[in-house]
Amino acid sequence: RSIAAVIFNNRAQIALTMDKPHWAAFDANHSILLNPKWDKSYYTLGKSLANLWFHSDAKKAFSSSNTLVSNNGVVHLIQRCEKIADANDSPEDFLY
């Protein structure tokens, strides 16, 4: 695993904590470019995209994460993104 990929992913997680999902998505994408086989980068990208209300894209990112490392928590997020993308529910319906 590339140290730069870890740094970009950590910075993306901090951006999410600071409620800056655009920055988080940017850094998570960089992390994926540096190490496309690291599941955590896809997970962080999925959370960023879900916060930006791109639920179809978030579902793809979560699915990529789950393909690399199977995780029941990620499966739940995939289902939630699917539900919201299909139903166009209000923002209050998607809670982390």
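Our subject in this report is the structure included herewith. (Residues numbered from 1 in each chain as written. Predicted model: local features only at pLDDT ≥ 70, side-chain atom pairs only at ≥ 80, totals over all residues. Heavy atoms only, no water.)

Attention now goes to the overall build of the protein. Secondary structure summary: the protein contains five helices and zero strands in total. Overall, the protein shows an N-to-C arrangement of helices and strands of α-α-α-α-α. Across the 96 residues of the protein, 40% fall into the buried class. Looking at the protein alone, contacts between residues at least 24 apart form 47% of all its contacts between residues at least 6 apart. About 5,800 Å² of surface is accessible on the protein, with carbon and sulfur atoms providing 55% of the total. (Helix = DSSP H or I, 4+ residues; strand = E, 2+ residues; numbered from the N terminus. Buried < 20%, exposed > 50% of the residue type's maximum accessible area, 1.4 Å probe, protein only. Contact = heavy atoms within 4.5 Å. Areas by Shrake-Rupley, 256 points an atom, 1.4 Å probe, with all protein chains shown as cover.)

Below, the discussion takes up the packing of aromatic side chains. With the rule as written, the count across this model stands at one aromatic pair. For the pair tyrosine 43 and phenylalanine 62, a centre-to-centre distance of 5.7 Å together with 55° between the ring planes defines the contact as tilted. Of this pair, tyrosine 43 sits in helix 3 (residues 39-51) while phenylalanine 62 is found in helix 4 (residues 55-68), placing the two residues 19 residues apart along the sequence. Relative accessible area serves as the criterion here: at 0%, phenylalanine 62 is assigned to the buried category. We note lysine 20 situated over the ring of tryptophan 23; from NZ or CZ to the ring centre the distance is 5.5 Å. (Phe/Tyr/Trp six-rings, centres within 6.5 Å; stacked < 30°, edge-to-face > 60°. Lys NZ or Arg CZ within 6 Å of the ring centre and 35° of its normal.)

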